[in-house]
Amino acid sequence: MDRIDQLVDSIDPNDYVSEARQQELIDLADQGFGASAIRLAIREAIASVKAKTDER
(Lines give C-alpha, C1' and ligand atoms only; values in the text may rest on other atoms or scores of the structure.)
Protein backbone atom coordinates (compact mmCIF):
# COMPACT_ATOMS: atom_id res chain seq x y z
CA MET A 1 0.00 0.00 0.00
CA ASP A 2 1.49 3.33 -0.97
CA ARG A 3 1.36 6.56 1.01
CA ILE A 4 -1.70 7.97 -0.79
CA ASP A 5 -3.70 4.80 -0.11
CA GLN A 6 -2.74 4.98 3.56
CA LEU A 7 -3.85 8.61 3.77
CA VAL A 8 -7.15 7.91 2.05
CA ASP A 9 -7.83 4.91 4.28
CA SER A 10 -7.12 7.00 7.39
CA ILE A 11 -9.77 9.62 6.55
CA ASP A 12 -13.01 9.32 8.48
CA PRO A 13 -15.67 11.25 6.56
CA ASN A 14 -17.67 11.63 9.77
CA ASP A 15 -14.95 14.01 10.98
CA TYR A 16 -15.80 16.41 8.17
CA VAL A 17 -19.39 15.89 7.02
CA SER A 18 -22.15 14.55 9.26
CA GLU A 19 -23.63 11.14 8.49
CA ALA A 20 -26.99 12.73 7.74
CA ARG A 21 -25.39 15.15 5.29
CA GLN A 22 -23.43 12.31 3.69
CA GLN A 23 -26.73 10.53 3.02
CA GLU A 24 -28.21 13.70 1.53
CA LEU A 25 -25.22 13.97 -0.82
CA ILE A 26 -25.53 10.29 -1.77
CA ASP A 27 -29.22 10.82 -2.53
CA LEU A 28 -28.34 13.86 -4.64
CA ALA A 29 -25.83 11.78 -6.59
CA ASP A 30 -28.39 9.00 -7.04
CA GLN A 31 -30.75 11.56 -8.60
CA GLY A 32 -28.18 12.26 -11.31
CA PHE A 33 -26.34 15.16 -9.70
CA GLY A 34 -23.11 13.35 -8.85
CA ALA A 35 -20.79 16.19 -9.82
CA SER A 36 -22.75 18.65 -7.69
CA ALA A 37 -22.72 16.25 -4.74
CA ILE A 38 -18.95 15.88 -5.01
CA ARG A 39 -18.42 19.65 -5.20
CA LEU A 40 -20.64 20.21 -2.15
CA ALA A 41 -18.89 17.46 -0.18
CA ILE A 42 -15.48 18.93 -0.96
CA ARG A 43 -16.59 22.46 -0.02
CA GLU A 44 -18.13 21.27 3.25
CA ALA A 45 -15.06 19.20 4.12
CA ILE A 46 -12.75 22.16 3.47
CA ALA A 47 -14.96 24.43 5.59
CA SER A 48 -14.87 21.86 8.38
CA VAL A 49 -11.08 21.59 8.25
CA LYS A 50 -10.76 25.38 8.29
CA ALA A 51 -13.11 25.63 11.27
CA LYS A 52 -11.16 22.96 13.17
CA THR A 53 -7.89 24.70 12.33
CA ASP A 54 -9.26 28.02 13.59
CA GLU A 55 -10.24 26.37 16.89
CA ARG A 56 -6.63 25.45 17.54
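Fair warning: this is a prediction, and the values are worked out from it, not measured in the lab.

1. Focus: the layout of surface pockets
- In this structure, the largest pocket spans a volume of roughly 170 Å³.
- For the largest pocket, the full set of lining residues is Ile11, Pro13, Tyr16, Val17, Gln22, Leu25, Ile26, Ala41 and Ala45.
- Those elements giving two or more residues to the lining of the largest pocket turn out to be helix 2 (19-30) and helix 3 (34-55).
- Ranked by residue count, the leading element in the lining of the largest pocket is helix 2, at three residues.
- Tallied by class, the residues present in the lining of the largest pocket amount to eight nonpolar, one polar and no charged.

2. Digging into the confidence of the model for the protein chain
- For the protein chain, mean pLDDT is 84; residues scoring 70 or higher make up 95% of the total.
- Within the protein chain, the element-level pLDDT minimum falls on helix 1 (residues 3-10), averaging 74, and the maximum on helix 2, averaging 92.

3. A look at the pattern of salt bridges
- Counted by the stated rule, this structure contains two salt bridges.
- Taking the shortest distance from any N to any O, the salt bridge between Arg21 and Glu24 comes out at 2.8 Å. Of this pair, Arg21 and Glu24 both sit in helix 2, three residues apart, roughly one helical turn.
- A salt bridge links Glu44 to Arg21; its shortest N-O distance comes to 2.9 Å. Of this pair, Glu44 sits in helix 3 while Arg21 sits in helix 2, and the two are 23 residues apart along the sequence.
- Each of the salt bridges in this network shares a partner with another, and the network as a whole consists of Arg21, Glu24 and Glu44.

Scoring rules and cut-offs
- Residues numbered from 1 in each chain as written.
- Predicted model: local features only at pLDDT ≥ 70, side-chain atom pairs only at ≥ 80, totals over all residues.
- Heavy atoms only, no water.
- 1 Å grid on protein atoms, 1.4 Å probe; cavity = no way out; pocket = protein on both sides within 12 Å on 5 of 7 lines; lining within 4 Å.
- Points joined across faces, edges and corners; volume = space filled by probe spheres on them.
- Helix = DSSP H or I, 4+ residues; strand = E, 2+ residues; numbered from the N terminus.
- Nonpolar A, V, L, I, M, F, W, Y, C, P; charged D, E, K, R; others polar.
- pLDDT = per-residue confidence, 0-100.
- Salt bridge = Lys/Arg side-chain N within 4 Å of Asp/Glu carboxyl O.

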